[in-house]
Amino acid sequence: MFRNLLIADSGKGHVEEMIRMLRDIPGFASTRLNLLHVVSDQNSSNLQEHWKEGGALLAEAVQRLGLNPGEVNTILRQGDTKQTVLKVADELDADLIVMGSRGLGRLQSILANSTSQYVFQLSTRPMLLVRDDLYVRHINRLMVGIDGTGVGDDALKLACELAKSIPGCVLHGVHVSHHDLAPSRSGNSPSDSLLEKAKQRARQFGVDLQTVHRTGDIARGLCAAAEELNADLVVIASQDRRPLVARGLVDLDRLLGGSVSDFVRVHAPAPVLLVREPESR
């Protein structure tokens, strides 16, 4: 699954609890951990003191995680936090970025200059977002959104790999359609066919996928299903646009638009793993 994790540490939130939970999963046992702390350019007047504090925060985080210093790559950088997270992820070729999130809505995120929202918007790498107001639990109930797209298939594959590596894990595949469509001649609706195809694909990975179909608003339906299923982790595809414009600019139209993944990021009752479409696709 993941072999090279970048953990963007802010010194607060539940990211560390999430990392401890992941390390309990056999598939993550050999994963390389990279722990990043960024000293803001705004602290340049007292740089030496803030640099020292940043190093202490990293050392404390390693200790709290119960790691030997040789088991984790600690990275201390100065710069704009948002840009630095993206830059370091590229340098490391990280296959997962783990970040904390305050669970702000789109407009709030823009006004508050949210780091996680910016990285979420511009990174093409998978991201695991852990809201500060969530209680992080051991992953026993996993939910994946089923949408029939290529990146949605990637999300299903990843969810199956995760579920297979967790003893006793239950995997639910949830498809939300705006409304019910009439069944075909075979008696199956398009949603039934989509979910059956997902079940067959999950069986190829040796996983029993329990499927759920809801109608209505897609983003709200996914969050409601996660609540009903008591999901410990939600895996969804994120098909937001790729960073083809200057990274110093934020696409306000997209941030203020009706992004399903953005709504789920803010409102899901569990940490959210966003699977992105590779740039080469």
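The structure contained in this document is the topic of the report that follows.

Rules and cut-offs
Residues numbered from 1 in each chain as written. Predicted model: local features only at pLDDT ≥ 70, side-chain atom pairs only at ≥ 80, totals over all residues. Heavy atoms only, no water. Pairing = 2+ DSSP bridges. Helix = DSSP H or I, 4+ residues; strand = E, 2+ residues; numbered from the N terminus. Axes fitted to C-alpha atoms, helices over the stretch in contact; angles between N-to-C directions. Contact = heavy atoms within 4.5 Å. Phe/Tyr/Trp six-rings, centres within 6.5 Å; stacked < 30°, edge-to-face > 60°. Lys NZ or Arg CZ within 6 Å of the ring centre and 35° of its normal. Buried < 20%, exposed > 50% of the residue type's maximum accessible area, 1.4 Å probe, protein only. 1 Å grid on protein atoms, 1.4 Å probe; cavity = no way out; pocket = protein on both sides within 12 Å on 5 of 7 lines; lining within 4 Å. Points joined across faces, edges and corners; volume = space filled by probe spheres on them. Nonpolar A, V, L, I, M, F, W, Y, C, P; charged D, E, K, R; others polar. Parallel < 35°, antiparallel > 145°, perpendicular 65-115°, else oblique. Left-handed = near helix turned anticlockwise from the far one by under 90°.

Moving on, we come to the sheet that holds strand β3 (residues 72-79). Spatially, the ten strands line up as an open sheet ordered β3-β2-β1-β4-β5-β10-β9-β6-β7-β8, and their pairing is mixed. Here the strands that pair on one side only, and so sit at the sheet edges, are β3 and β8 (209-215). Averaged over all pairs of adjacent strands, the angle between their axes in this sheet comes to 25°, without regard to strand direction. Relative to β3, helix α2 (residues 47-64) is tilted by about 155°, and along the sheet it contacts β2 (32-40) and β3.

Turning to the side chain of His175, a few remarks are in order. In this fold, His175 is placed in strand β7 (residues 170-177). Excluding residues that lie within four positions of it along the chain, His175 makes contacts with Ile146, Asp147, Ser191, Leu194, Leu195, Val212, His213 and Arg214.

Counted under the stated rule, the structure contains one aromatic pair. Here the aromatic rings of Phe2 and Phe28 are separated by 6.1 Å at their centres, their planes lie at 40°, and the arrangement is tilted. Separated by 26 residues along the polypeptide, Phe2 in the segment before β1 (4-8) and Phe28 in the loop between α1 (15-23) and β2 bring together distant segments of the chain. For Arg265, the ring lying beneath its charged end belongs to Phe120, and the centroid distance is 5.7 Å. The side chain of Arg276 reaches across the aromatic face of Phe120, ending 5.5 Å from its centre.

Bringing α1 into the picture now. Of all the positions in α1, only Val15, Glu16, Met18, Ile19, Met21 and Leu22 are classed as buried. Contacts made by the buried residues of α1 are with β1, β2, α2, β4 (96-101) and β5 (127-131).

Let's shift gears to empty space enclosed by the protein. According to the stated counting rule, one finds two cavities of 30 Å³ or more in the structure shown. What lines the second largest cavity is simply Leu129, Arg131, Leu134, Arg265, Ala270, Pro271 and Val272. Per-class residue counts for the lining of the second largest cavity are five nonpolar, no polar and two charged.

Closest axis-to-axis distance for the helix α5 (residues 115-122)/helix α10 (residues 260-267) pair is 12 Å, and the angle between their directions is 150°. Classified by the angle their axes make, α5 and α10 are roughly antiparallel. Judged by the twist between their axes, the crossing of α5 over α10 is right-handed. Residues Ser116, Gln117 and Phe120 of α5 form the contact with α10, whose own contacting residues are Ser261, Asp262 and Arg265. Among the residues forming the contact of α5 with α10, the class breakdown is one nonpolar, three polar and two charged.

The subject of this paragraph is the packing of helix α8 (residues 218-228) against α10. In contact at an axis separation of 9 Å, α8 and α10 are set at 35° when each is read in the N-to-C sense. The chirality of how α8 crosses α10 is right-handed. Of α10, the residues touching α8 (which contributes Ile218, Ala219, Arg220, Leu222 and Cys223) are Val260, Phe263, Val264 and His267. Looking at the contact of α8 with α10 residue by residue, the classes come out as seven nonpolar, one polar and one charged.

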